[in-house]
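# Structural characterization, general
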Amino acid sequence: APDLLRRLRESAAGGSSSIDKCWTTPRAVALYCPPNPLPRCPAIQYIYPQMAEVIPIGSDHAGYQLKERLIAELRALGYEPLDLGTHSPESADYPDYAHQVAARVEQHESDRGILLCGSGLGMSYAANRHPGVRAAVAWSPEVAKLAREHNDANVLILPARFVSEDEGVEIL
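What comes next is a walk through the structure. Bear in mind that the values here come from a model prediction, so they are computed numbers and not experimental data.

### Describing the sheet that holds strand β3 (residues 54-59)
Taken together, the 5 strands give an open sheet; going across it, the order is β4-β3-β5-β7-β6, and neighbouring strands pair in parallel fashion. Edge positions in the open sheet fall to β4 (80-83) and β6 (135-137), since each of these has one partner strand only. Averaged over all pairs of adjacent strands, the angle between their axes in this sheet comes to 25 degrees, without regard to strand direction. Two elements, β6 and strand β7 (residues 155-159), share 3 bridges in a ladder whose sense is parallel. By the bridge assignment for β7, V137 is matched with I157. Of the strands in this sheet, β3, β4, β5 (113-117) and β7 touch helix α3 (residues 64-76), which is tilted by about 170 degrees from β3.

Below, the structure written as structure tokens:
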């Protein structure tokens, strides 16, 4: 590694060392070449790591158990769920969680979100008050697909009292 760094520095400075290609990330260069990181040069092909999509998810007490299952499923699919609550099955007010998820979508912090409550209706009323949020209650995979394709839904709402955990995963 020290020889490679020396050769990269010489190549970048127009010196005698020649390197056809070197793959690295800007962060790696900053970490391994302090205090003077390598200047950008054509020999270095910078790789920008792709971050997992963050999907905010929230529920009231009625959707708590299904939310926990969906968080595990999202992780298995390569997403990074952001659990905004509730964090227990004890009674909770759905608008608190609906507004948190919808605000992240509204402010373009996330492209989409997931909400769960007993019927799905309360969450949809609260979430759809946010400009740019198109929250859709889906009780089957077909309804979810249509909401996404035809209505550009960006927040999925599941009626936790009317779908099983397996159905919820399938809708996801």
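There is more to say after this.
### Description of unusual backbone geometry
That bond from G85 to T86 is cis: its omega, -5 degrees, falls within 30 degrees of zero. Among the secondary structure elements, T86 is positioned in the loop between β4 and α4 (94-106). At H108, a position not held by glycine, the phi torsion is positive, near 60 degrees. Note that H108 resides in the loop between α4 and β5. Relative accessible area serves as the criterion here: at 69%, H108 is assigned to the exposed category. Positive phi, close to 55 degrees, is recorded for D152, a residue that is not glycine. Tracing the backbone through its elements, the reader meets D152 in the loop between α6 (141-151) and β7.

Conventions used here
- Think of each chain on its own: its residues are numbered from 1, step by step along the sequence as written.
- Only residues with pLDDT of at least 70 get local features here, since the model is predicted, and only at 80 or more are side-chain atom pairs given and counted; chain-wide, interface and lining totals rely on the full set of residues.
- In computing side-chain properties, one takes all heavy atoms of the structure into account and sets aside hydrogens as well as water.
- Strand pairing is defined by DSSP finding a minimum of two bridges between the two strands.
- Secondary structure is summarised from DSSP: a helix means a run of H or I of at least four residues, a strand means a run of E of at least two, and numbering begins at the N terminus for each.
- In this description, a line fitted to the C-alpha atoms serves as the axis of each element, helices being fitted only across the stretch in contact, and the angle between N-to-C directions of two axes falls anywhere from 0 to 180 degrees.
- Whether two residues are in contact is decided by their heavy atoms: any pair within 4.5 Å suffices.
- A simple rule labels every residue: compare its accessible area, found with a 1.4 Å probe on the protein chains alone, to the largest value its type can have, and call it buried under 20%, exposed over 50%, or partly exposed in between.

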